[in-house]
Protein chains: 2
Amino acid sequence: MKTRDRILQSSLQLFNQSGERAISTNHIAAELAISPGNLYYHFRNKADIVYELFLAYQQQVDYYLAAPGSQPLVLADLAWYLEAVFDGLWQYRFFHRDLESLLDADPRLRAGYGDFTGRCLSAINGIFSQLASGGIITPRPEPLRSAMALNVWLVITNWMAYLKTAHATEEPAVLSLAELKQGIYQVLTLELPHVTPEYREPVLALRETYRPGTFCQAAHPST
Amino acid sequence: MKTRDRILQSSLQLFNQSGERAISTNHIAAELAISPGNLYYHFRNKADIVYELFLAYQQQVDYYLAAPGSQPLVLADLAWYLEAVFDGLWQYRFFHRDLESLLDADPRLRAGYGDFTGRCLSAINGIFSQLASGGIITPRPEPLRSAMALNVWLVITNWMAYLKTAHATEEPAVLSLAELKQGIYQVLTLELPHVTPEYREPVLALRETYRPGTFCQAAHPST
DNA sequence: CCATTATTAGAGTATATACTCTAGTGAGTC
DNA sequence: GACTCACTAGAGTATATACTCTAATAATGG
């Protein structure tokens, strides 16, 4: 594997683990047992590493959130979309932690992220449309649908912060993909009032799949 | 005004302006034209300043979110609660930006914030109950009501980050209290499906009050 | 007035951070 | 074997950060 890619990989791992703020370029170099000079041969600065990671994140989410076209969606599609989004969020979870500082440090990133959010919101909006076509949720007029999409986005992007701040018992809060996906429970809670009567039961069942266990959750973090 | 209080005041202002990460104790001392030694006479370290600001934040929100007791609520109460919460969020807006790092740096803060969130969620839950008693929203069974409260909390605490990251056009994104309060529009969107038919119109009217203007918004930040 | 205590200045420290510079090394090519 | 060129090491720099220490100055109470 090329050094450049190893830098990206290690950076992502360390950022996810401890946050971008706590990880210096020297840390990254040390982790890879390469010299700082070597790292700076491959990247002009730290912001460039972050930006490249953002591009990968963006590409992945864009791919999975690709417009559902105009065919109606079934319930399994909804579950699949939610899983995909939370997978992306998990893989690049350092990103939404102090995103503001990241954007302050790099105008390209600010512009790119603005567009990215816009696309995500349209995608969610489109998914709502096609879920309505599929008879799963009741159609809503436009200004409302966009506001709903935004709420979904807000819940999704804030769920991790909630888990790591309000919910955490351990000292440096750790997190597992399974816990993260309990965010799907919250999203489905959000959509519940808009589900058509005939789909209410199936959606409730799907939602139950992600219900946060009050029992002991022996979850451990992986990469 | 006592130096200690001036330190807190200036810290809050600078933190809100540029984020805790970007503001060093030297910056704070310089802003007040006092020596670093003087600052450290009044506070053992930076985390102590942050913690004290958290206590103030907590006290304010706790005060305004005090349990509505058992008397039913009217629509004006709902508006009042929302305004109060967003006011608190505004005054201590540095806090929810990289909260995770703040908690990592101070175990007291982590514990305190965990409790604080718990109380906020119960308060929102209680407000839902009393809104139901007041005939404004339809009563919901418990596990659902808590999940709804959590969604409200997620939307509220993430609204500012959304504005400053996705929505911002300016370089260091600035924000006004008025813009922030458009978050109320989102919260009311969230609650809309649970509003009783007879209150639907009044709630829609209230919500319209906070609708984000598509027109030019010449809002400028104040402290 | 004197003694004690609270407050302040200001120079200084140890450490970290992002990043640079120079001098290579090693694999391929002519 | 000389040349190139992508790649790497490692020491080094300027700056910042959180924080300390000493000594001086107010403020206060008896």
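About the thresholds
Residue indices follow the written sequence of each chain, beginning from 1 at its first position. For this description, chains carry letters from A and ligands carry numbers from 1, given in the order in which they are written. Restriction of local features to residues with pLDDT of at least 70 applies here, the model being predicted, together with a cutoff of 80 or more for giving and counting side-chain atom pairs; totals for whole chains, interfaces and linings are based on all residues. The basis for every side-chain value is the complete set of non-hydrogen atoms in the structure, without hydrogens or water. Helix and strand assignments come from DSSP, with helices taken as H or I runs of at least 4 residues and strands as E runs of at least 2, each series counted from the N terminus. Multiply 1.5 Å by the residue count of a helix minus one, and that product is the helix's expected span. Remark: exposure states derive from per-residue accessible area (1.4 Å probe, protein chains only) relative to the maximum for the residue type, with buried under 20%, exposed over 50%, and partly exposed in between. In this description, a line fitted to the C-alpha atoms serves as the axis of each element, helices being fitted only across the stretch in contact, and the angle between N-to-C directions of two axes falls anywhere from 0 to 180 degrees. Crossing handedness: left-handed means the near helix sits turned counterclockwise from the far one by under a right angle, and right-handed means the same turn made clockwise. We call two residues in contact whenever any of their non-hydrogen atoms come within 4.5 Å of each other. Three classes are used, and their members are as follows: Ala, Val, Leu, Ile, Met, Phe, Trp, Tyr, Cys and Pro are nonpolar, Asp, Glu, Lys and Arg are charged, and the others, Gly among them, are polar. C-alpha atoms of residues with pLDDT of at least 70 in both copies form the basis for the least-squares superposition of the copies. When a carboxyl oxygen of Asp or Glu is within 4 Å of a side-chain nitrogen of Lys or Arg, the pair counts as a salt bridge.

Draft legend 1. Representation of helix 5 (residues 75-91) of chain A within the structure. For helix 5 of chain A, which comprises 17 residues, the first-to-last C-alpha distance of 25 Å matches the rise-based estimate of 24 Å (1.5 Å per residue) to within 8%. Those residues of helix 5 of chain A that fall on the buried side of the exposure criterion are Leu-75, Leu-78, Ala-79, Tyr-81, Leu-82, Ala-84, Val-85, Phe-86, Gly-88, Leu-89 and Trp-90 of chain A.

Draft legend 2. Just the packing of helix 7 (residues 107-133) of chain B against helix 8 (residues 142-167) of chain B, in detail. All names here are of chain B. At their nearest, the axes of helix 7 and helix 8 sit 9 Å apart, and the two run at 120° to each other. Seen from above, helix 7 lies across helix 8 with right-handed handedness. Here Tyr-113, Phe-116, Thr-117, Cys-120, Leu-121, Ile-124, Asn-125, Phe-128 and Ser-129 of helix 7 lie close against helix 8, whose contacting residues are Glu-142, Arg-145, Ser-146, Met-148, Ala-149, Leu-150, Val-152 and Trp-153. Broken down by class, the residue content of the contact of helix 7 with helix 8 amounts to 11 nonpolar, four polar and two charged.

Draft legend 3. Representation of the relation of the copies chain B and chain A in the model. Between chain B and chain A, the superposition needs a rotation of 180° and an axial shift of 0.0 Å, giving an RMSD of 0.0 Å. Such a combination of turn and shift is consistent with a two-fold rotation axis. No C-alpha of chain B lies nearer the rotation axis than that of Asp-98 of chain B, which sits 2.3 Å from it. Same-surface contact between copies: 100% of interface residues of chain B are shared with the interface of chain A.

Draft legend 4. Inspection of the pattern of salt bridges at higher detail. Considering all chains together, one arrives at 34 salt bridges over all chains under this definition. The salt bridge involving Arg-21 of chain B is made with Asp-98 of chain A; its shortest N-O contact spans 3.9 Å. Of this pair, Arg-21 of chain B sits in the loop between helix 1 (3-18) and helix 2 (25-32) while Asp-98 of chain A sits in the loop between helix 5 and helix 6 (99-105), each in a different chain. What makes Asp-98 of chain A buried here is its relative accessible area of 8%. With a closest N to O distance of 2.9 Å, Glu-100 of chain A and Arg-97 of chain B form a salt bridge. Placement of the pair is Glu-100 of chain A in helix 6 and Arg-97 of chain B in the loop between helix 5 (75-91) and helix 6 (99-105), with the two residues belonging to separate chains. On the basis of relative accessibility, which here comes to 13%, the residue Arg-97 of chain B falls in the buried class. One network of salt bridges, in which partners are shared, links Glu-20, Lys-46, Asp-98, Glu-100, Asp-104 and Arg-110 of chain A together with Arg-21, Arg-97 and Lys-164 of chain B.

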